[in-house]
Amino acid sequence: MRRKKVVVTGGAGFIGSNLSAELCKDNEVTIVDNFSTGKEGNIKDLIDSGCARLLRGSVTDLEAMKAAFKGADYVFHEAAIPSVPRSVADPMRTNDAGVTGTLAVLVAARDCGIEKVVFASSSSVYGETESLPKKEDMVCMPMSPYAVTKLAGEHYCRVFTELYGLGTVALRYFNVYGPMQDPGSEYAAVVPKFIDCALKGEAFPIHGDGLQSRDFTFVRDVVRANLMAAESKSTGVYNIGGGRRTTVLELAQAISEVVGFEMRAVHLPPRPGDVRDSWADISKAKRDFGFEPAFTLREGISETVAWFRRCLGTQG
Ligand SMILES: NC(=O)c1ccc[n+]([C@@H]2O[C@H](COP(=O)([O-])OP(=O)(O)OC[C@H]3O[C@@H](n4cnc5c(N)ncnc54)[C@H](O)[C@@H]3O)[C@@H](O)[C@H]2O)c1
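Okay, so let's go over this structure. From a predicted model like this one, the values you see are computed outputs, not experimental measurements.

## Comments concerning the pairing of strand 2 (residues 28-33)
- Burial within strand 2 is extensive, with 5 of its 6 residues counted as buried.
- As judged from the 5 bridges shared by strand 1 (residues 5-9) and strand 2, these two strands associate in the parallel manner. Pairing of V7 across the sheet is with T30, part of strand 2.
- Assessed by its sense of winding, the connection that carries the chain from strand 1 through helix 1 (residues 14-23) to strand 2 is right-handed.
- At this point the chain moves from strand 2, through helix 2 (residues 40-48), to the parallel strand 3 (residues 52-56), and the crossover so formed is right-handed.

Encoded structure:
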């Protein structure tokens, strides 16, 4: 993508800041964020260098979104409260950002003549499926308030395309990991949490038996998928994953090997709202806009560990 005006909502978050950094290379970027989970540090260089402008505010504020989107070509909508357990603890807050916020983004995009909104959906919309890998035409049965908000967001995208002709595409991300992901919160995702533990020499906390599986996707593949989907004619929902299935124990082993840590684990009770297995069929995204993951799990983990060592000053 070149010489476009783009807006990244949630641009101070993990995926949004990686996406903003890539877009800043050759486009005019506006980041919208209320810093509820995002961090100033993730975008400091982009803002200080004048590569991106920052609008502090909530995506639920329709007038602020209209002001932010004026004159823009594309909106990458990453803002959300992105955690299954957090949504189980506080469903109202998750719904506000995820449903009211997405609706406001779509209304503002429609009124500002945006070419396309790329919506960050989630593999969690599927719930437990009878078979694997998960395909876009399977029946969705969300198991958490977070997953419900993502499915509602997808439907709003489709309805805005059908009713108002707004270009939309929803990308169902499967367990994204990489540089800039926060290991600190009690809701931290498994990859940064394990890397942080390995670098500190602490046992990995594993919910359940560790044989639950996920399709871990490196963030740079997700960034590429966003750019490809935006510039394509595609609309509707697409799985974006690494296209392979890894158990949590296999992940723990891979991280231990990269860090050089002898793996130890403490097993905790399974978390309510979590699915047992997740694995993406990514053939639709490949067919419609040429997406294929470029990173193996080992390559992605190695880059992520290197970033943690460099930026968090943790020594392994
Ligand atoms: N990380 C994953 O594995 C994953 C998987 C599937 C889907 N997603 C989706 O991708 C998107 C980005 O996730 P992430 O992992 O980077 O999370 P993140 O928490 O790092 O980023 C979310 C960003 O949205 C911002 N935000 C939240 N509510 C807002 C509001 N009302 N107004 C403005 N900004 C707001 C936060 O401050 C944060 O900067 C989310 O929509 C998430 O649901 C992530």
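## Quick notes on the sheet that holds strand 1
- Read from one edge of the open sheet, 7 strands run 3-2-1-4-5-6-11, paired in parallel fashion. Each of the sheet's edge strands pairs with one partner strand only, and the pair in question is strand 3 and strand 11 (236-240). Within the sheet, the average angular offset between the axes of one strand and its neighbour, ignoring direction, is 20°.

## Quick word on the environment of A280
- Following the sequence through the fold, A280 ends up in the loop between strand 13 (265-268) and helix 10 (283-289).
- Sequence-wise, A280 and F174 are 106 residues apart; in three dimensions their C-alpha atoms are separated by 7.1 Å.
- Excluding residues within four positions of it along the chain, A280 makes contact with P133, K134, F174, D215, N239, G241 and G243.

## A few points about helix 9 (residues 248-259)
- A rise of 1.5 Å per residue sets the reference length of helix 9, with its 12 residues, at 16 Å; its end C-alpha atoms lie 16 Å apart and thus fit the reference within 8%.
- V248, L251, A252, A254, I255, S256 and V259 are the residues of helix 9 that are buried.
- In this structure, the buried side of helix 9 is in contact with helix 7 (190-200), strand 8 (204-207), strand 12 (246-247) and helix 11 (297-311).

## Re helix 8 (residues 219-231)
- Taking 1.5 Å per residue, 13 residues should reach 18 Å; helix 8 reaches 19 Å between its end C-alpha atoms and fits that length.
- Residues of helix 8 that are buried include every one of V219, D221, V222, V223, A225, N226, L227, A229 and A230, and no others.

Calculation criteria
Residues numbered from 1 in each chain as written. Predicted model: local features only at pLDDT ≥ 70, side-chain atom pairs only at ≥ 80, totals over all residues. Heavy atoms only, no water. Buried < 20%, exposed > 50% of the residue type's maximum accessible area, 1.4 Å probe, protein only. Helix = DSSP H or I, 4+ residues; strand = E, 2+ residues; numbered from the N terminus. Pairing = 2+ DSSP bridges. Right-handed = clockwise from strand over helix to strand, strands pointing away. Axes fitted to C-alpha atoms, helices over the stretch in contact; angles between N-to-C directions. Contact = heavy atoms within 4.5 Å. Expected span 1.5 Å × (residues − 1).

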